[in-house]
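# Inside the fold
Listed below are the residues making up each chain.
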Amino acid sequence: MIEGTPMIGSVPVEPGLTNGRNGRNKEGNERLVGFNTENGEVNEGLVRFDIVFYVRTKDGLSQIIINCEAQQKKPLQYSILNRAGFYVSRLISSQKGRDFEKSNFNDILPVYSIWLLMNMEDNSLTHVHLTQDKLLGSYEPDGNMNMFNVILIGLSKELKEPEEEQELHRLLGVLFSAELDAEEKLGIMEREFEIPVEDEIRRDIDNMCNLSEGIWEAALLEGKAEGEAKALANMILQMRQKGFTPKEIANILDKEEAEVEAVLSGKEIVSV
C-alpha cells in the first residue's frame, strides 16, 4: 500500500521547509510539492522526521500520510506526546500547496505519527486522536475527525513471551532485541510470524545486529590508545563520510543529535 519511496531522515520538521521543492499542479501552474530535502539552518542542524511516506488505503481511492519515529529512551527535556502532536500538526499544515490548494481544506490527508518507545517498563499501545464533546445543542459539524492521529507503541525492556493479543509487540521486540543475534531473530520471524526470510531481509537484520555493536567495539578498541571520547568522535566522522546522516549516527550510537553535530562541525569531542 506504500506509494513511492519512503523518505528517511531527509524531511525537515521546521515550518516552511517541509514542503519546499517546486512542481506543478493539475492545471500546470507552479506550486510547492513534495518533501524538501535541501534546506539547512545556519549554526544549527535541522530536526528531521525519521520516516515519512504516503499510503493508499484499501479502497484504492484515498491516501494517508504516515510518519514513523523511534525513541530509545524517554526524553528528559520534553514530553513525548507534545513532540508527537507538533509533528502531526506540521504534516497537516505542510499539505497546503502540496496536497491541497487555496481553501480546499476537504482535501487534507489524514496523518498518522507512529512512535516506537523502547525500554519501557511494560508493553503498551495508545491511540491519541480527535474527539467531539457536545456542550450545547444537537449541531453535528461535518469534517474529517480522522485527520489527527498519534500512535504510541511502548516496548518492554525485556522481551515478552508470545501472546496472541500482543503479536505486534512480540515482533518489534524481537527485531530490536539486544539479546538475540541475527539468526535467532530470523528464526522467530519464520517460525512465529511466517515471514519469508529472503536475502534482503537477512541483510537488513544482519545490519541491525552488527552495525551498532561493531561501531562501538571499534571505538573502544581505538580508545585504549587514544581515549574513548576521541575514538568515538573519529567513528562519527567515518560514519558521516560513509553517507550516514547526523540523526542516523545519533540513533545508532545512542547520542543526542546535537552532540553529533558538534563533532561534525569540529567544535567538541562527544562524551562517552
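The paragraphs below set out a description of the structure included in this document. Per chain, the residues get numbers from 1 upward, laid out in the order the sequence is written. The model is predicted, so local features are restricted to residues of pLDDT at least 70 and side-chain atom pairs to those at 80 or more, both for listing and for counting; the totals for chains, interfaces and linings are taken over all residues. Only hydrogens and water are set aside when side-chain values are computed; all heavy atoms of the structure are taken into account.

### A short note on the nonpolar core
Most often, soluble globular proteins keep nonpolar side chains buried together rather than apart. The set of buried Ala, Val, Leu, Ile, Met, Phe, Trp, Tyr and Cys residues whose side-chain atoms join them within 4.5 Å is what this entry labels a nonpolar core. With a 1.4 Å probe rolled over the protein chains alone, any residue whose accessible area is under 20% of its type maximum counts as buried; one over 50% counts as exposed, and the rest are partly exposed. In terms of nonpolar packing, the biggest core is built from 22 residues, with Phe49, Ile65, Val88, Ile92, Val111, Trp115 and Val150 touching the most fellow members. Per the convention used, a helix needs a DSSP run of H or I reaching at least four residues, while a strand needs a run of E reaching at least two, with both numbered from the N terminus. At the level of elements, β4 (51–56), α1 (80–93), β6 (111–120) and β8 (148–156) are the ones that each hand at least two residues to this core. Sort the elements by how many residues they give to this core and α1 lands first, with six residues.

### Let's talk about empty space enclosed by the protein
Cavities and pockets are defined on a 1 Å grid built over the protein atoms alone: a cavity is a set of grid points where a 1.4 Å probe fits but cannot escape, while a pocket is an open set with protein on both sides within 12 Å along at least five of seven lines, and lining residues are those with an atom within 4 Å of any such point. Grid points are joined across faces, edges and corners, and a volume is the space filled by probe spheres set on the points. All told, the structure shown has one cavity of 30 Å³ or more when counted by the stated rule. The space that makes up the largest cavity amounts to roughly 40 Å³. Lining of the largest cavity is provided by Asn123, Leu155, Ser156, Glu158, Leu159, Lys160, His169, Arg170 and Gly173. Among the secondary structure elements, those contributing two or more residues to the lining of the largest cavity are β8 and α2 (167–176). Per element, the largest residue contribution to the lining of the largest cavity is three residues, and it comes from α2. Class assignment for the residues of the lining of the largest cavity results in two nonpolar, four polar and three charged. Residues were grouped as follows: Ala, Val, Leu, Ile, Met, Phe, Trp, Tyr, Cys and Pro as nonpolar; Asp, Glu, Lys and Arg as charged; and all remaining residues, including Gly, as polar.

### Section: unusual backbone geometry
At Asn119, a residue that is not glycine, the phi angle is positive and equals roughly 60°. With respect to the element layout, Asn119 can be found in strand β6. Taking relative accessible area as the criterion, Asn119 reaches 47% and is therefore assigned partly exposed. Although it is not a glycine, Glu194 adopts a positive phi angle of roughly 55°. The topology assignment puts Glu194 in the loop between α3 (182–193) and α4 (199–226). By relative accessible area, Glu194 is classed as exposed at 70%.

### Side note on the sheet that holds β6
Any two strands with at least two DSSP-identified bridges between them are counted as paired. Judged by pairing direction, the sheet is mixed, and its six strands sit side by side in the order β1-β4-β5-β6-β8-β7 without closing on themselves. Lying at the two open borders of the sheet, with one neighbouring strand each, are β1 (2–8) and β7 (124–129). The mean angle between the axes of side-by-side strands here comes to 15°, regardless of whether they run parallel or antiparallel. As paired elements, strand β5 (residues 63–71) and β6 share seven bridges and run parallel to each other. The residue of β6 that forms the bridge with Gln71 is Leu117. Each of β4, β5, β6, β7 and β8 is contacted by α1, which is oriented at about 155° to β6, the strand it contacts most. Only heavy atoms matter for contacts: two residues are in contact if any of them lie within 4.5 Å across the pair. The axes are straight lines fitted to the C-alpha atoms, using for helices just the contacting stretch, and the angles between their N-to-C directions are given from 0 to 180°. Its contacts with the sheet place α2 against β6, β7 and β8, and it is angled at close to 60° to β8.

### A closer look at a negative patch on the surface
Nonpolar side chains (Val, Leu, Ile, Met, Phe, Trp, Tyr) are joined into patches within 5 Å and like charges within 9 Å, using only residues with over 30% relative accessible area and no salt bridge. Here, Shrake-Rupley sampling with a 1.4 Å probe gives the accessible areas, and only protein chains in the shown set may cover a residue. Salt bridges are identified by distance alone: a Lys or Arg side-chain nitrogen within 4 Å of an Asp or Glu carboxyl oxygen. Lys and Arg are tallied as positive, Asp and Glu as negative. Neither His nor the chain termini are counted. By convention, charge coordinates are those of NZ in Lys, CZ in Arg, CG in Asp, or CD in Glu. A contiguous patch of negative charge, built from Glu161, Glu163, Glu164, Glu165 and Glu167, is present on the exposed surface. Secondary-structure assignment places Glu167 in helix α2. Of the residues examined, Glu167 reaches a relative accessible area of 48% and is grouped as partly exposed.

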